[in-house]
Amino acid sequence: LKSIFYYKYSSAVLAAVFLIITVLLSVAVSVSENVERAAKRLEENIGADLNVRKTEAEPFSYYSANYFELDKAEKLLDIDGIDRLEYTTMSNATGVTVFSVFEQMIARKMEGYDARYGAYGRDYWGDYEADGLGEARTAGDISLIGVFNLEDAWEFKKWGETVIEGTGFTEEDMDRPVAVVSERFQRENQLEIGDEFTLADPLDESRTLTLEMIGVHSSNVESNLEASSPMNYIYIPAAQGLAFSQGKIFEAIYHTTDPGRLDELRDQVEEEIEQVVGEDFDVHKESRMYLMAASPLNGIKNICGYLIFITSAVLALMLVLLTAHRILNRRTELGVWLSMGEKKGTLTLQLICETLLPVFAGIGAGAAVVLACGGMIGERVQAALPSFAGVEFVVNSGVCLWLALLAGGLVAGTTLASVGFLFRRRVRELL
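How each quantity is defined
Residues numbered from 1 in each chain as written. Predicted model: local features only at pLDDT ≥ 70, side-chain atom pairs only at ≥ 80, totals over all residues. Heavy atoms only, no water. Helix = DSSP H or I, 4+ residues; strand = E, 2+ residues; numbered from the N terminus. Buried < 20%, exposed > 50% of the residue type's maximum accessible area, 1.4 Å probe, protein only. Contact = heavy atoms within 4.5 Å. Areas by Shrake-Rupley, 256 points an atom, 1.4 Å probe, with all protein chains shown as cover. Phe/Tyr/Trp six-rings, centres within 6.5 Å; stacked < 30°, edge-to-face > 60°. Lys NZ or Arg CZ within 6 Å of the ring centre and 35° of its normal. Core = buried A, V, L, I, M, F, W, Y, C linked by side-chain atoms within 4.5 Å. Arc of directions from axis to C-beta. Polar contact = N/O pair within 3.5 Å; in protein donor to acceptor, adjacent residues only side chain to side chain.

## Focus: the overall build of the chain
Okay, step 1: When its secondary structure is counted, the chain shows 14 helices and 12 strands.
Okay, step 2: In the chain, buried positions account for 45% of the 431 residues.
Okay, step 3: Relative to all contacts within the chain whose residues are 6 or more apart in sequence, the contacts with residues 24 or more apart total 80%.
Okay, step 4: Taken as a whole, the chain presents about 22,100 Å² of accessible surface, with 55% of it coming from carbon and sulfur.

The following block contains the structure:
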């Protein structure tokens, strides 16, 4: 203790350095651990999706090869990691109290144009039959698309469409026969919000569906056939679409709360759905929302990792250099002690204690600061990082114990190496 107070300035600097290092390491480790908790919570809240369609699927409601049975898709819910199943239905329909809109064809028909034949008398449907889509000849001119959430609808999201009048629908509307139609469809059929209209199955006109129009979407694009024109897309709740399609779906959407296993789950889903249905499927990952939300957390985690590594490296280097410097600068003092008959082991133990006591004092003071200010640190972190909302920030004081063990080992090792170097010399050389 006398020696520590004699070298009070160097001892104080050593203690102060370790106080700062203790606080930095404790905060960095704590933030890193809390990022892990926040990321896990984010995974569970947002998750990711696997979108499953037949390999030969085409965006045409009249193409029967698009569809597969929901019952078969539900068998994959037993896969570990699959949380739930949503689906998209698509059905071909024809109007009973309404009609489709198709401005080019309407204009041509008014000029006496026959929709079955092109300008040169060629069969209009020949191209589709050549592509295996011959069902277009007997198809209805409206596409019914059943979704769980309108904003997540595959075509709706793809083209960046919006609801421009009335409202859309969500899962809460699954039991309601409601519909969102295009602006052109509404205008040409002179529909108002709240009006009802009836559609039928073109292959069985006795099967009808009456819907209440609750919204209007902005997709007014026309294609080469009425049914494949987004302006003739009518969006309805998935449950209503499933009833009209008689239990068949166009796309299965498997949700997982474990995005970290998304590649593994994709391979497993693809293999099992092909076995169950007996046809080829394409499985696409949809994890954009999770990746966008997790990106800031991953950045913070990387920064914390660098900070922990750099601080630990600086700690080790500083401790080795300071310990060696303190001992080598006292070679004359050690020579005096040895000439007076002091044992080398006793001197070595004293040098270790002289270094460790200030180090442990700094670590202890740092631990006290961390524990006292942990709540304030957590509040600042939560305020700066929205992703931490709802996650209890916990400061890890256990790092102090790890730091003390590391410091003890480095000091003991450096002291033994330094005194070993000095004690190989004769006392006269030290003096």
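That covers the picture; the talk isn't over yet.
## Re the packing of aromatic side chains
Okay, step 1: For the coordinates displayed, the defined rule picks out 5 aromatic pairs.
Okay, step 2: Aromatic side chains Phe-60 and Tyr-62 sit 5.5 Å apart centroid to centroid with 5 degrees between the ring planes, which places their arrangement in the stacked category. The exposure classification of Phe-60 matches that of Tyr-62, with both residues buried.
Okay, step 3: Ring geometry for Tyr-87 and Phe-148: centres 5.0 Å apart, planes at 80 degrees, overall edge-to-face. With Tyr-87 in strand β3 (residues 82-95) and Phe-148 in the loop between β4 (142-147) and α6 (154-158), the pair connects residues that are 61 residues apart, well separated along the chain. One exposure class covers both Tyr-87 and Phe-148, and it is buried.
Okay, step 4: Over the ring of Phe-244 we find Arg-207, and its NZ or CZ is 5.0 Å from the ring centre.

## A word on the nonpolar core
Okay, step 1: Residues Val-52, Ile-249, Ala-252, Tyr-254 and Val-269 are the most contacted members of the largest nonpolar core, which totals 25 residues.
Okay, step 2: Where this core is concerned, the elements lending two or more residues are β1 (48-54), α3 (70-74), β3, α8 (238-244), β11 (251-256), α9 (262-277) and β12 (281-286).
Okay, step 3: Once residues lying within four places of it in the same chain are set aside, the contact partners of Ala-252 are Leu-50, Asn-51, Val-52, Phe-68, Ala-73, Leu-85, Glu-86 and Tyr-87.
Okay, step 4: Membership of the second largest hydrophobic core comes to 19 residues, among which are Ile-21, Leu-25, Ile-352 and Val-411.

## Observations regarding helix α11 (residues 331-339)
Okay, step 1: Here α11 has its buried residues at Leu-334, Gly-335 and Leu-338. For α11, the arc enclosing every buried residue in end-on projection is 105 degrees, short of the 170-degree limit, so these residues lie on one face.
Okay, step 2: Directly beyond the C-terminal end of α11, a positive phi value near 95 degrees is found at Gly-341.

## Side note on the side chain of Ser-61
Okay, step 1: Within the secondary structure layout, Ser-61 lies in the loop between β1 and β2 (68-69).
Okay, step 2: Polar contacts involving the side chain of Ser-61 include one to the side chain of Asn-92, which spans 3.0 Å.

## What to know about the side chain of Arg-207
Okay, step 1: Note on placement: Arg-207 falls in strand β8 (residues 204-217).
Okay, step 2: Arg-207 gets classed as buried once you look at its relative accessible area, which sits at 17%.
Okay, step 3: Side-chain polar atoms of Arg-207 contact the backbone oxygen of Phe-244, separated by 2.6 Å.
Okay, step 4: Excluding its chain neighbours within four sequence positions, the residues that come into contact with Arg-207 are Leu-199, Ala-200, Asp-201, Ala-243, Phe-244, Ser-245 and Gln-246.

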